[in-house]
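# Geometric and topological summary
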Amino acid sequence: MKILAIGDIFGRPGRRAIRELLPGLIRERCVDFVVANAENAAGGRGLTAKIAEELFESPIDVMTAGNHIWEHEDIRPFFDTHPVLRPHNVSEKLPGKGYGVFETKAGLPIAVVSLQGTIYMDEKGERALNPFVAADALLPGLREKSPVVFVDFHAEATSEKRALGWYLDGRVTAFLGTHTHVQTADEEVLPMGTAYISDLGMTGPHASVIGLAKEVAIRRFVEGI
Ligand SMILES: [Fe+2]
Ligand SMILES: [Fe+2]
């Protein structure tokens, strides 16, 4: 089974890359299933209903998200009607689900899980619950439904990513990080068989500061406000 995992799709340039490049990539690499993180697809922050619909015109099977998914309220009804996951380990008062069992083109089951980190992740008051404990509770039942389990761990700190990757080694098929928008060079298959990378990097404007216009980002740092 070949799973294509796409890091944070950022704004219009990211959406354009998906629209123009994804179909060819799927053909060329014989991809069976596509998971894409879409938490920055709407102008760099969050996901709207309109943009989710536009993205689903491309062959994306499941969208994962992260801290920015709460930005636009109109995406919330999509959690029940479309394969859009919010992070699993958040307050149970929030709508949506953070995992699901889906099917590849060949009809094989694949479980997808979205987890969020806890370190440096509460910029706007978002509170994720302990992802280690959440994974322990979720995975056994999920593995009964699907031998293939894919995890998008949306987190800032590489320490938390490495630790959870090791903790889940052998219990999930792939454990791939998102959120920092910069790809790490630490991809490996861990000893118990789990494919790991700390961060996939973003799908967005390269000449930027993690997606933001570089002039805007530089000014913030120079002026300090
Ligand atoms: Fe992001
Ligand atoms: Fe994020």
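What comes next concerns the included structure.

Cut-offs used in this document
- Residues numbered from 1 in each chain as written.
- Chains lettered and ligands numbered in written order.
- Predicted model: local features only at pLDDT ≥ 70, side-chain atom pairs only at ≥ 80, totals over all residues.
- Heavy atoms only, no water.
- Salt bridge = Lys/Arg side-chain N within 4 Å of Asp/Glu carboxyl O.
- Helix = DSSP H or I, 4+ residues; strand = E, 2+ residues; numbered from the N terminus.
- Buried < 20%, exposed > 50% of the residue type's maximum accessible area, 1.4 Å probe, protein only.
- Donors = N, O, S within 2.8 Å, 3.2 Å for Na, K, Ca; no water.
- Tetrahedral: all angles 85-135°; square planar, octahedral: opposite > 155°, others 65-115°.
- Pairing = 2+ DSSP bridges.
- Right-handed = clockwise from strand over helix to strand, strands pointing away.

## Topic: the pattern of salt bridges
The tally for this structure, following the rule as stated, stands at twelve salt bridges. In this structure, the salt-bridge partner of Asp136 is Arg171, at a minimum N-O distance of 2.9 Å. Residue Asp136 is found in helix α4 (residues 131–145), and its partner Arg171 is found in the loop between α5 (158–168) and β7 (174–178); the two are separated by 35 residues along the sequence. Relative accessible area serves as the criterion here: at 25%, Arg171 is assigned to the partly exposed category. Three or more residues joined by partner-sharing salt bridges are found here, namely Arg15, Arg19 and Glu54.

## Structural notes on the coordination of the iron ion (ligand 2)
All of the protein donors around the iron ion (ligand 2) are Glu39 (OE), Asn67 (OD1), His154 (NE2) and His179 (ND1); their distances to the metal are 2.1 to 2.2 Å. In this structure, the iron ion (ligand 2) is coordinated by four donor atoms arranged in irregular fashion, with angles at the metal of 85 to 146 degrees. Sequence positions of the donors to the iron ion (ligand 2) reduce to the motif E-x27-N-x86-H-x24-H. Taken as a pair, the iron ion (ligand 2) and the iron ion (ligand 1) lie 3.3 Å from each other and share Glu39 as a ligand. With Glu39 in the loop between β2 (33–37) and α2 (49–56) and His154 in strand β6 (residues 149–154), this pair connects stretches of sequence that are 115 residues apart. Across this residue pair, the class does not change: Glu39 and His154 are buried.

## Section: the pairing of strand β5 (residues 109–116)
With seven of its eight residues buried, β5 lies for the most part within the structure. Bridge count between strand β4 (residues 99–103) and β5: five bridges; the pairing is antiparallel. What sits directly across from Glu103, in β5, is Pro109. What sits between the antiparallel neighbours β4 and β5 is a turn of five residues, in which Gly107 has the positive phi angle 85 degrees. Viewed along the sheet, the connection from β5 through α4 into β6 turns out right-handed.

## Concerning the pairing of β6
In terms of residue burial, β6 counts as a mostly covered element, since six of its six residues are buried. Covered by surrounding structure in β6 are Val149, Val151 and Phe153 together with Phe150, Asp152 and His154, the residues of both alternating faces. In terms of strand pairing, β5 meets β6 through six bridges, oriented parallel. Considered in β6, the bridge of Val113 is made with Val151. In the classification by handedness, the crossover that spans β6, the intervening α5 and the parallel β7 is right-handed.

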